[in-house]
Amino acid sequence: MRILYVGRSDGTGLKSWLKQQKRRLSFAEQDGFFEAALYSGARVVETAIGNCERQLNQGGFDAVVVNLKCGGFTDEGKRDEFFIKTFGSVNLPKALFIGSAKAEQMVGDRVANVFDVIFKREPYKDRTRYQLSTQNREKIMATMISCPFVTLPRDSFISKLYGSLQPRVETCRSAGATIDVGFSGAAASSHTMRQDAWARVKSEGFSTVGGLQKNPYLDVELKSELKGPRFEGTAYRDSLCKARINLALPGIGAYTFRHQELLYLGAFMLSHSSIDELELPMRLREGEHYVSFSTTGEMVDKIRYYLAHESERQQIAASGKKLFDEYYQPERHGTELISALKKAS
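Residues numbered from 1 in each chain as written. Predicted model: local features only at pLDDT ≥ 70, side-chain atom pairs only at ≥ 80, totals over all residues. Heavy atoms only, no water.

### Considering the sheet that holds strand β4 (residues 94–98)
Next, step 1: In space, the 6 strands of this open sheet follow the order β2-β1-β3-β4-β5-β6, with parallel pairing throughout. The open sheet terminates on both sides in strands that have one partner only, identified here as β2 (43–47) and β6 (140–143). Averaged over all pairs of adjacent strands, the angle between their axes in this sheet comes to 25 degrees, without regard to strand direction.
Next, step 2: The sheet contact formed by β4 and strand β5 (residues 117–121) spans 4 bridges and is parallel. Residue Leu96 lies in a different strand from β5, and its bridge partner there is Ile118.
Next, step 3: Relative to the sheet, helix α2 (residues 32–41) contacts β1 (2–6), β2, β3 (63–67), β4, β5 and β6, its axis offset from that of β1 by approximately 155 degrees.
Next, step 4: Of the strands in this sheet, β1, β3 and β4 are in contact with helix α4 (residues 76–87), which crosses β3 at around 170 degrees. (Pairing = 2+ DSSP bridges. Helix = DSSP H or I, 4+ residues; strand = E, 2+ residues; numbered from the N terminus. Axes fitted to C-alpha atoms, helices over the stretch in contact; angles between N-to-C directions. Contact = heavy atoms within 4.5 Å.)

### Quick look at a nonpolar patch on the surface
Next, step 1: Side chains of Phe157, Ile158, Leu161 and Leu165 sit close together on the surface and give an oily, nonpolar patch of about 450 Å² of accessible area.
Next, step 2: Among the structural elements, Leu161 can be located in helix α7 (residues 157–165). (Patch = residues over 30% accessible without salt bridge, like charges linked within 9 Å, V, L, I, M, F, W, Y side chains within 5 Å. Areas by Shrake-Rupley, 256 points an atom, 1.4 Å probe, with all protein chains shown as cover. Salt bridge = Lys/Arg side-chain N within 4 Å of Asp/Glu carboxyl O.)

### Remarks on unusual backbone geometry
Next, step 1: For Glu29, which is not glycine, the phi dihedral falls at a positive 65 degrees.
Next, step 2: Mapped onto the fold, Glu29 is located in the loop between α1 (14–25) and α2.
Next, step 3: Within the chain, Glu122 stands out as a residue other than glycine whose phi angle is a positive 40 degrees.
Next, step 4: Here Glu122 is to be found in the loop between β5 and α6 (134–137).
Next, step 5: Using a relative accessible area of 2% as the deciding quantity, one classes Glu122 as buried. (Buried < 20%, exposed > 50% of the residue type's maximum accessible area, 1.4 Å probe, protein only.)

Written as structure tokens, this is what we have:
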């Protein structure tokens, strides 16, 4: 299958340019796992939004996949009209990829009607939460965020060389966990769950590793007792492995890079229960692969329980690691993506 993929727009400036170079070396950033999966299952021609009509007119494609962030649109109305005009008359199987961290982000029926499949990062299990027709809800297929600890090289000599030079991140050893609770991340801009959870952990007297960092988009100073260093490289990995219990708290969305990192490492994950509502390509189950909490009181109770029940904690961590290794395979997910596109043809 030959696919035209209209990729995301990075905008302008040095930071955007650096992101572009990184993505040329490997499938990176939030969309990396989805893109690696897509490329593994088909011959993909990636293009910018400004060139897609010319590419489509040249022909030779079996399907089109469009990244919702392809145009850098700031006005959703203009974006929707562009999608309807540009892709509405394309007589090929068409998929829309929504890589937003927010489970609630979804297009409306007018745009959904244009596409045969909607690849959505960690959508709600309950599809009725989307204001879509029944037919369009049935188009939604789950994909997921990348894991920064796994390098996914592209199919080029330079990319493969780059991938071979990246050190493999070692998984955790249970004997290396000597601190009660760990968390590291910036204060979220849309909620205070991270501040509330970490403040409660500190007030309970648990030994801790990590802390919060100031969000550059928030003009709010963190309390000194909540602050922690921003770990880089192996120091970050070591901080996760040192903790017997790692908190996984919502950021922009409920399911974050940290969730994937903890599963990869085989570290015990105590997550906010907002992820219980989400669907992933891997069958992540609460109580089997991770443990969740809804309130800080419940969080403290579960911290105390799993600190006292080491074998249960280690079994859950091991099960999460096994699940991740089984499902975090671009080739496996790529087969699912291509199968969905073929069904639409």
